Amino acid sequence: MAHAPTSEGPHGSGLHQDLHWLFARLKQGLATAETAAVREHGMTLWGYTVLVAVVEAPARTQLALAHAVSVDKSKLVLILDELEDAGLVRRRPDPADRRARIIEATPEGDRALKAARADIEAIENQLLADLAPSARAALQSALQHLVGEPIAKVEDGRSPETACAPDLA
């Protein structure tokens, strides 16, 4: 027995009701546009993400940075190598622990990040242009909430292959 769709058109399909697909499609579209934008400033999209985190907390160690951006430590090393080779960050020994490295943005990294952020903001504004300001604010607030404790509960302590487990302490 065939099941009738709940409504006509693609927005009524089961696929368009699936959060994973919705977020994956948004991520795919944003990644396509934003990858091209940040490449103009000498970095990858992961490099951009890491550089944002470095500028927000410059005295962070590599391990703390990996946790902050939810990326595997070995992948972070490769991203930092690319950023350092491009002159956007520098690593220096942590005075409190010579085995650890503190990551800092260079002046060129600060300039590149500012320019890349402006391009990213323009892309995101284009994506959200059809939403009323209150809907945009509500979406941003909901997403900020969901990436905290709610997603940690769903992950249930499992560490995704591409991320570090969040530090819930």
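Every value quoted in this text rests on a predicted model; they were computed, and no experiment measured them.

Parameters and conventions
Residues numbered from 1 in each chain as written. Predicted model: local features only at pLDDT ≥ 70, side-chain atom pairs only at ≥ 80, totals over all residues. Heavy atoms only, no water. Patch = residues over 30% accessible without salt bridge, like charges linked within 9 Å, V, L, I, M, F, W, Y side chains within 5 Å. Areas by Shrake-Rupley, 256 points an atom, 1.4 Å probe, with all protein chains shown as cover. Salt bridge = Lys/Arg side-chain N within 4 Å of Asp/Glu carboxyl O. Helix = DSSP H or I, 4+ residues; strand = E, 2+ residues; numbered from the N terminus. Core = buried A, V, L, I, M, F, W, Y, C linked by side-chain atoms within 4.5 Å. Buried < 20%, exposed > 50% of the residue type's maximum accessible area, 1.4 Å probe, protein only. Contact = heavy atoms within 4.5 Å. Axes fitted to C-alpha atoms, helices over the stretch in contact; angles between N-to-C directions. Parallel < 35°, antiparallel > 145°, perpendicular 65-115°, else oblique. Nonpolar A, V, L, I, M, F, W, Y, C, P; charged D, E, K, R; others polar. Expected span 1.5 Å × (residues − 1). Arc of directions from axis to C-beta. pLDDT = per-residue confidence, 0-100. 1 Å grid on protein atoms, 1.4 Å probe; cavity = no way out; pocket = protein on both sides within 12 Å on 5 of 7 lines; lining within 4 Å. Points joined across faces, edges and corners; volume = space filled by probe spheres on them. Pairing = 2+ DSSP bridges.

**What to know about a nonpolar patch on the surface**
A surface patch of nonpolar side chains, about 660 Å² in accessible area, is lined by Leu-19, Phe-23, Leu-26, Leu-127, Leu-131, Leu-139, Leu-143 and Leu-146. Listed by contribution, the elements that provide at least two residues to the nonpolar patch are helix H1 (19-39) and helix H6 (133-146). If you trace the backbone, Leu-131 turns up in the loop between helix H5 (107-128) and H6.

**Some points on the nonpolar core**
Core analysis: the biggest nonpolar cluster contains 24 residues, and Met-43, Tyr-48, Val-50, Leu-65, Leu-76, Leu-80 and Leu-83 have the highest contact counts within it. When contributions to this core are tallied by element, the ones reaching two or more residues are helix H2 (45-56), helix H3 (62-69), helix H4 (73-85), strand E2 (97-105) and H5. Ignoring anything within four residues of it in the chain, the contact list for Tyr-48 reads Val-38, Met-43, Leu-113, Ala-116, Arg-117 and Ile-120.

**Describing the packing of H2 against H4**
Running from amino to carboxyl end, H2 crosses H4 at an angle of 90 degrees, the nearest separation of the two axes being 10 Å. With respect to each other, H2 and H4 are oriented roughly perpendicular. Where H2 abuts H4, its residues Trp-46, Gly-47, Val-50 and Leu-51 lie against Lys-75, Leu-76, Ile-79, Leu-80 and Leu-83. Here the contact of H2 with H4 is composed, by residue class, of 7 nonpolar, 1 polar and 1 charged.

**Remarks on H4**
Helix length check: H4, at 13 residues, gives a terminal C-alpha distance of 18 Å against a target of 18 Å (1.5 Å per residue), a fit within 8%. Buried residues of H4: Leu-76, Ile-79, Leu-80 and Leu-83, and no others. All buried residues of H4 lie within an arc of 100 degrees about the axis, which places them on one face of the element. Along H4, exposed side chains directed more than 90 degrees from the buried face belong to Leu-78 and Asp-85.

**Some thoughts on the confidence of the model for the chain**
Confidence in the prediction of the chain, expressed as mean pLDDT, is 86, and 86% of residues score 70 or more. When pLDDT is averaged over each helix and strand of the chain, the minimum, 85, is found for helix H7 (residues 149-155) and the maximum, 97, for H5. Low pLDDT (under 50) marks residues 1-8, which in the prediction has 2 contacts with non-local residues, meaning those over four places away or in another chain. The low-confidence segment residues 163-169 (pLDDT under 50) makes 15 contacts with residues lying over four places distant or belonging to another chain.

**A short note on the layout of surface pockets**
Gaps left between atoms are located by rolling a probe of water-molecule size over the structure's atoms. The calculated volume of the second largest pocket comes to roughly 180 Å³. Residue lining of the second largest pocket: Trp-21, Leu-22, Arg-25, Leu-26, Gly-29, Leu-30, Ala-33, Ile-123, Gln-126 and Leu-127, and that is the complete set. Elements represented by at least two residues in the lining of the second largest pocket include exactly H1 and H5. Among the elements that take part in the lining of the second largest pocket, H1 stands out by supplying 7 residues, more than any other. The residue inventory of the lining of the second largest pocket, partitioned by class, reads 7 nonpolar, 2 polar and 1 charged.

**Quick look at the pairing of E2**
Relative to E2, strand E1 (residues 89-94) runs antiparallel, the two sharing 6 bridges. Directly across from Arg-90, in E2, lies its bridge partner Glu-104. Joining the antiparallel neighbours E1 and E2 is a turn of 2 residues.

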